[in-house]
Protein chains: 2
Amino acid sequence: MNNQPYIILVNPQLAENVGMTARAMMNCGLYYLRLVNPRENHLSEKAISASSNAEEILQKAEVFATLDEAIADLHFVFATTARRRDMIKNIHTADNAAQEVNTKIAKNEKCGILFGPERTGLHNDDVAIADAIIEIPLNPEHTSLNLSQAVLLVGYEWYKTQIKVESKQLITNKTEVADKKTVTKFFEFLESELEECGNFKSDEKKPRMVRNLRNIFLRSELTEQEINTLYGVINYLTNNQNNKS
Amino acid sequence: MNNQPYIILVNPQLAENVGMTARAMMNCGLYYLRLVNPRENHLSEKAISASSNAEEILQKAEVFATLDEAIADLHFVFATTARRRDMIKNIHTADNAAQEVNTKIAKNEKCGILFGPERTGLHNDDVAIADAIIEIPLNPEHTSLNLSQAVLLVGYEWYKTQIKVESKQLITNKTEVADKKTVTKFFEFLESELEECGNFKSDEKKPRMVRNLRNIFLRSELTEQEINTLYGVINYLTNNQNNKS
């Protein structure tokens, strides 16, 4: 069972835009493309070149003469539209629609998402066919997106539901964040070097200065490699100091 | 005080891409563009045409000779990059970065977001200059985005933090969802019509059928206008029935 929504382009005008849509789909891990009555050949050189390594999606794309045929085997269909229509329908944000798609798919219901032709967007009759609308939240004074960008935003929201990424993470590559024993040992080394060169002007000021210095380095979550780098830096600086004096 | 991040294009190659970036920025309500050593004129006809009504952003764009100059007055800088570098840095998802930007701006700290040149992305030295990295979560087998699309995704996440939209809403246009009194009256009318024409085959089956019918219409959250439409439909059907018999 396919676990993805079908991306359905209704009357796309330019092969290049179909190619760019395939590229945007691949960015988002979406592979199922349906075309309703495309004006140009979606396997033209232009289309394939615009797809930038997503030719596979173009090759597997299904072409239909009418929208009714393109959605016949689906169970739930979203229409994307930037302008409000005089229709009583549920409107979802792109992220909410992505959740809905997953809920349907989990029940073995196939979902499709309709995108209209480049200049005009979906015809009212095509919007009417859909179960619900996706409205991408954008600056109301400038909602015009090109076709592939609309697919990219909707696809991006869907892709985000498929993965688990830490919203913030420290990449440490081959080294690792040092444990507290290692960090404390480094602090003590630094402080003894500073003591020796007379940096702590008075015993009274020392505790505060030690805390301030420790805070600078603690915010960095130092790795083992970085602590070694800092040992080297301090040794070099103190040797320099010795050489100068 | 400017409440937006600065979008900083480092060595952009094609004027057309700068124009498309301006368009994507306007989609997301972002107006502050900085260009570092652009190869082509960002006010060329090509650029302005590609910006599709976002010429204002191009006209106001600031041009700098070096990245250092472009970020000199900023307090926190993100670098966007699709591939991992051999650097120990915090990586944020685009949505988390948007929150961070807002937190900084609320403290009167100016934020910038760096985007690299089209083919190569940011040079390691430019990534090193940044305080943190934004990595847009995308299909790891196909992360290549064009410049304006990368700006669009990062901008979209920021725009979402600026607005309050219901994730799902029923648009009813000029009519309103009917109150329960109105809905119940309609149900009673429908059921009495069905009673009359013999639709409820037995008294035993009737309660279940009534419940099933009511559920169909309740899921639609009918508006007043739609209830009037349904009254018309039923009256028409029953008259037809009468005419036939």
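Residues numbered from 1 in each chain as written. Chains lettered and ligands numbered in written order. Predicted model: local features only at pLDDT ≥ 70, side-chain atom pairs only at ≥ 80, totals over all residues. Heavy atoms only, no water.

Caption draft 1: Geometry of the pairing of strand E4 (residues 76–80) of chain A. Residue and element names in this part refer to chain A. The element E4 is largely enclosed, with a buried count of five among its five residues. Going residue by residue along E4, you find Phe76, Phe78 and Thr80 tucked away on one face and Val77 and Ala79 tucked away on the opposite face as well. The pairing of E4 with strand E7 (residues 132–134) spans three bridges and is classified as parallel. Bridging across to E7, phenylalanine 78 finds its partner in alanine 132. (Buried < 20%, exposed > 50% of the residue type's maximum accessible area, 1.4 Å probe, protein only. Helix = DSSP H or I, 4+ residues; strand = E, 2+ residues; numbered from the N terminus. Pairing = 2+ DSSP bridges.)

Caption draft 2: Here's a closer look at the sheet that holds strand E1 (residues 6–10) of chain A. Taken in spatial order, the eight strands make up an open sheet running E3(A)-E2(A)-E1(A)-E6(A)-E4(A)-E7(A)-E5(A)-E8(B), and their pairing is mixed. Either end of the sheet is taken by a strand with one partner, and the two such strands are strand E3 (62–64) of chain A together with strand E8 (168–171) of chain B. Put simply, the sheet's adjacent strands are angled 30 degrees from each other on average, direction ignored. Sheet strands touched by helix H7 (residues 147–162) of chain A: E1, E4, strand E6 (111–115) and E7 of chain A. Its angle to E6 of chain A, the strand with the most contacts, is close to 150 degrees. (Axes fitted to C-alpha atoms, helices over the stretch in contact; angles between N-to-C directions. Contact = heavy atoms within 4.5 Å.)

Caption draft 3: Region of interest: the relation of the copies chain A and chain B. When chain A is fitted onto chain B, the two copies agree to an RMSD of 0.1 Å after a turn of 180 degrees and an axial shift of 0.0 Å. Such a turn and shift between the copies fits a two-fold axis. Both copies contact each other with a shared surface, as 98% of the interface residues of chain A are interface residues in chain B too. (Least-squares fit on C-alpha atoms with pLDDT ≥ 70 in both.)

Caption draft 4: Broad picture of unusual backbone geometry. One non-glycine residue with positive phi stands out, namely serine 52 of chain A, at about 45 degrees. Under the relative-accessibility criterion, serine 52 of chain A is labelled partly exposed at 21%. At asparagine 108 of chain B, a position not held by glycine, the phi torsion is positive, near 65 degrees. Checked against the element boundaries, asparagine 108 of chain B lands in the loop between helix H5 (94–106) and strand E6 (111–115).

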